[in-house]
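Given next are the chains, with one letter for each unit.
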Amino acid sequence: MSIPVTLSYQDAAGNMHLAPGVSAGTPGFLDIIDQTLLPCEQKRLKLETPEAVYEAIKQLRVRGAPAIGCSAAIGLAVCAQRFGSASPDEHLLKIRECAAFLDSSRPTAVNLSWALKRCVGAVKGDSIQLMNQQLLDEALAITAEDIRLCAAIGKAGAALLKPGMGVLTHCNAGALATAGIGTALAPIYAAMEQGIQVKVFSDETRPLLQGARLTAWELAVSGVDVTTICDSMASQVMREGKVGVVIVGADRVAANGDTANKIGTYQLAIAAKYHKVPFYVALPFSTIDRSIPDGAAIPIEQRSAEEIFHCDGAKVYNPAFDVTPRELITGFITERGILTEI
Ligand code: MRU
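So, how was this worked out
- Along each chain, the written sequence defines residue order, and numbers are assigned to residues from 1.
- Only residues with pLDDT of at least 70 are given local features in this predicted model, and only at 80 or more are side-chain atom pairs given and counted; all residues enter the totals for whole chains, interfaces and linings.
- Side-chain metrics in this entry use all non-hydrogen atoms of the structure; hydrogen atoms and water are not considered.
- An automatic or database domain assignment is the source of the domain bounds shown.
- Contacts are assigned to residue pairs that have any heavy atoms within 4.5 Å of one another.
- Using a 1.4 Å probe, buried area is obtained as the accessible area two parts lose upon being combined, added over both of them.
- Think of a salt bridge as a Lys or Arg side-chain nitrogen and an Asp or Glu carboxyl oxygen that are within 4 Å of each other.
- Distance and chemistry together define a polar contact, namely a pair of N or O atoms within 3.5 Å, with one atom able to donate a hydrogen and the other to accept it when in protein, and with adjacent residues in sequence counting only for side-chain atoms on both sides.
- Numbering of helices and strands runs from the N terminus; a helix is a DSSP stretch of H or I covering at least four residues, while a strand is a stretch of E covering at least two.
- For this scheme, ten residues count as nonpolar: Ala, Val, Leu, Ile, Met, Phe, Trp, Tyr, Cys and Pro. Four count as charged, namely Asp, Glu, Lys and Arg, and the remainder, Gly too, count as polar.
- In this scheme, strands are said to pair when DSSP sees at least two bridges between them.
- Accessibility here uses a 1.4 Å probe with only protein chains present; expressed as a share of the type maximum, an area under 20% marks a residue as buried, one over 50% as exposed, and anything in between as partly exposed.
- Directions are taken from the helix axis to each C-beta atom, and the arc is the one they span.

With respect to the domain arrangement of the protein
Stage number 1. What the domain assignment reports for the protein is domain 1 (7-150) and domain 2 (155-339).
Stage number 2. Between the C-alpha centres of domain 1 and domain 2 the distance comes to 26 Å.
Stage number 3. Across the boundary between the two partners, domain 1 contributes 28 residues, which contact 31 residues of domain 2.
Stage number 4. When the two sides are added together, the surface that domain 1 and domain 2 hide from each other amounts to roughly 2400 Å², 58% of it contributed by carbon and sulfur.
Stage number 5. Broken down residue by residue, the surface that domain 1 buries against domain 2 is led by R63, T108 and C150, which jointly contribute 26%.
Stage number 6. When the shortest N-O distance is used, the salt bridge between R106 and E301 registers 2.9 Å.
Stage number 7. Scanning the region where domain 1 abuts domain 2 turns up 14 residue pairs in polar contact (both at pLDDT 80 or more).
Stage number 8. Going through the elements one at a time, helix 2 (65-80), helix 4 (110-122) and helix 5 (128-158) are the ones with two or more residues in the side of domain 1 that touches domain 2.
Stage number 9. Residues that form the side of domain 1 that touches domain 2 fall into these classes: 16 nonpolar, eight polar and four charged.

Dropping the structure here:
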């Protein structure tokens, strides 16, 4: 069994496309697997309106920095196919408005605005038909690129892994978070291809359980040895000597290397430092935001109180991400190799 395709462009005939080479002539769909239902149910959604794409990103039906970028890009392309604009000028205005709307769905992962900016920038045609084709080509180029980048990250990171090694990860930075084989999980898949099996500890990742529901599931169905632990157990598992390396993903990396990732990553990095366990961040270069000097300026998404169990009368604080200072990070696993400077 293998994990399903996280996202794709689906043409009017229902064929999936992950790379350029399809006509934007007849309106297609953004096709995603609804991750809020995993692992119990594998339901695919076909999205075609700005509101539906926005809702899917906001509610984490599709999630993970690269997957959000690819989905927003394909989402913009399929929405534009339905605008019914009277002129190319009006069409461009609607494309820009739709991109700004989708960009406002989640603030922390920079891949969202990066991908949307790239798509809007690709629109240079003087006919509506050409503009739609340029949007779709760019969205599918971003998606195809993501698949290649994940593979390169996997190849680079696999060099860190040895048979039987304990690898601890947080949240889901796997195939479900990208168009390819993931970022943090890519080295694990690449090592497996080379016959190297590791033992993964997957933090459950409170409050939305991306680790317990998504990482554990995609690794298990791929034949990887995976153990789910509560977030609060990570230090103890390190103390027991079961973790050889920590690998996590990233939502936005500031120019100085400070890294925003799922809430709980920072405390994991502190624990890793204390136990002298190497701590790596895996990411494509598109996750680096050089306009932001350090982590203090990274916008952190605050999510609803409803996501956290609480009694009547108790307040809730629910930041979805935290920032790990550069000094706690051993290195960055990227498509350009393992780097200490980015
Ligand atoms: O809120 P989520 O599930 O979108 O958060 C995802 C993460 O924090 C991932 O680790 C990050 O986006 C990297 S995905 C390759």
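Right, picking up where we left off after that structure.
Comments concerning the sheet that holds strand 2 (residues 16-17)
Stage number 1. One open sheet accounts for four strands, arranged 2-1-3-4; its pairing is antiparallel. Lying at the two open borders of the sheet, with one neighbouring strand each, are strand 2 and strand 4 (44-47).
Stage number 2. The sheet contact formed by strand 1 (residues 7-10) and strand 3 (residues 29-33) spans four bridges and is antiparallel. Opposite Q10, over in strand 3, you have F29 as the bridge partner.

Topic: helix 9 (residues 265-274)
Stage number 1. Taken together, the buried positions of helix 9 are T265, L268, A269, A271 and A272. With its buried residues spanning 165 degrees around the axis, helix 9 presents them on a single face. Among the exposed residues of helix 9, those oriented more than 90 degrees off its buried face are Q267, K273 and Y274.

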